[in-house]
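Below are the chains, spelled out letter by letter.
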Amino acid sequence: MYTKIQKQIVREVNIKVKALFKVTPVPAHGYDHVARVVKNAIVIAKAVKANIFLCELAAVLHDVGRTLEKKGSHAKNNSTNTHHELSYKLCREWFRKDKIFSLLTKEEKIILLYAVRYHYNNAADKYQEAIILRDADKLDALGNIGVKRAKIFFKNDYLALRSDFRFKYDMYNWLITNKARQMANDQNLMRPINEYQVKLLKKEIKPVSL
């Protein structure tokens, strides 16, 4: 499926990213999440006959900025320091300095940077790899794993958790590829979301009185 060089790139980048998350663990967005997004991306890429190599690589790299979100000057809460923007900046730095990335073409690097930078933006559809990455990432936010990840990530922040579950319906609505939509439906990924959403809503019901 891959050339010898592509296999080398995927292997070394995976090692690099896995080591990064080991040093800087990120609740609900660690390497286990990355691995699931990679798996989803490959399945979708095969189904739509996209560039599987670039889709896998984009999935491996998409959340590296999560390790920088709460560090030093990056901790400021503004649009230039969101995890997707930090991921883009870190990948761009790696592309310039790390020898393994010199094996990529300029066009491949641009596609990867675009996909990583806009893996949250449903209107960013210049490259098919970006669309596939977003679908693959969304699938891991749904189903039982999506419920588990949300509870871990937001902990006792009830309002943030409620907001996240509302956002999950938006995620499902914005699944673009037919394959991702099929995967979500075949695996009934919205059922756990609906069930937990009802559970959250019921907590807000209080008796009314005159």
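About the criteria used
Residues numbered from 1 in each chain as written. Predicted model: local features only at pLDDT ≥ 70, side-chain atom pairs only at ≥ 80, totals over all residues. Heavy atoms only, no water. Helix = DSSP H or I, 4+ residues; strand = E, 2+ residues; numbered from the N terminus. Buried < 20%, exposed > 50% of the residue type's maximum accessible area, 1.4 Å probe, protein only. Expected span 1.5 Å × (residues − 1). Phe/Tyr/Trp six-rings, centres within 6.5 Å; stacked < 30°, edge-to-face > 60°. Core = buried A, V, L, I, M, F, W, Y, C linked by side-chain atoms within 4.5 Å. Contact = heavy atoms within 4.5 Å. pLDDT = per-residue confidence, 0-100.

Student: Please clarify how unusual backbone geometry should be interpreted in this entry.
Tutor: Most peptide bonds take the trans configuration, and most residues that are not glycine carry a negative phi. The backbone phi angle of Lys155 is positive, close to 50 degrees, even though this residue is not glycine. Checked against the element boundaries, Lys155 lands in the loop between α7 (143-154) and α8 (158-173). Look at Asn188: it is not a glycine, yet its phi comes out positive at around 55 degrees. Its location among the elements puts Asn188 in the loop between α9 (178-186) and α10 (190-203). On the basis of relative accessible area, Asn188 is assigned to the partly exposed category, the value being 40%.

Student: What should I look at first to understand helix α4 (residues 83-97) in this one?
Tutor: Residues spaced three or four apart along an α-helix face the same direction, because each turn holds 3.6 residues. The end-to-end C-alpha distance of α4 is 21 Å, a good match for the 21 Å that 15 residues give at a rise of 1.5 Å each. The set of residues buried in α4 consists of His83, His84, Glu85, Leu86, Ser87, Tyr88, Leu90, Cys91, Trp94 and Phe95.

Student: Any chance you could explain the packing of aromatic side chains here in plain terms?
Tutor: The geometry of two aromatic rings is summed up by the distance between their centres and the angle between their planes. As enumerated under the stated definition, the model contains seven aromatic pairs in all. A ring pair is formed by Tyr114 and Tyr127, whose centres lie 5.1 Å apart and whose planes are at 85 degrees; its orientation type is edge-to-face. Taken together, the residues span a long stretch of sequence, with Tyr114 in helix α5 (residues 106-117) and Tyr127 in the loop between α5 and α6 (128-139) at a distance of 13 residues. Given the relative accessible area of 16%, Tyr114 is considered buried. Classification of Tyr127 by relative accessible area gives buried; the value is 18%. Through a chain of ring-to-ring contacts, the aromatic side chains of Trp94, Phe95 and Phe101 assemble into a single cluster.

Student: What should I look at first to understand the nonpolar core in this one?
Tutor: Inside soluble globular proteins, nonpolar side chains tend to come together where they are buried. Of all hydrophobic cores here, the largest spans 64 residues; its most connected members are Val13, Leu57 and Leu61. The leading source of residues in this core is helix α3 (residues 52-61), at nine residues. With residues near it in sequence (within four places) discarded, Leu57 still touches Ile9, Val10, Val13, Leu104 and Leu112.

Student: In this structure, what is going on with the environment of Asn173? I would like to understand it.
Tutor: Along the chain, the position of Asn173 falls in helix α8. The class for Asn173 is exposed, based on a relative accessible area of 51%. For the pair Asn173 and Lys148, spaced 25 residues apart in sequence, the C-alpha to C-alpha distance is 21 Å.

Student: Just to check I follow, could you spell out the confidence of the model for the chain for this structure?
Tutor: As a general rule, the predicted coordinates of low-pLDDT regions are not to be interpreted in detail. Residue-level pLDDT values for the chain average 94, and 95% of them are 70 or greater. Of the regions scoring below 50 in pLDDT, residues 72-78 engages in eight contacts with residues more than four places distant in sequence or in other chains.

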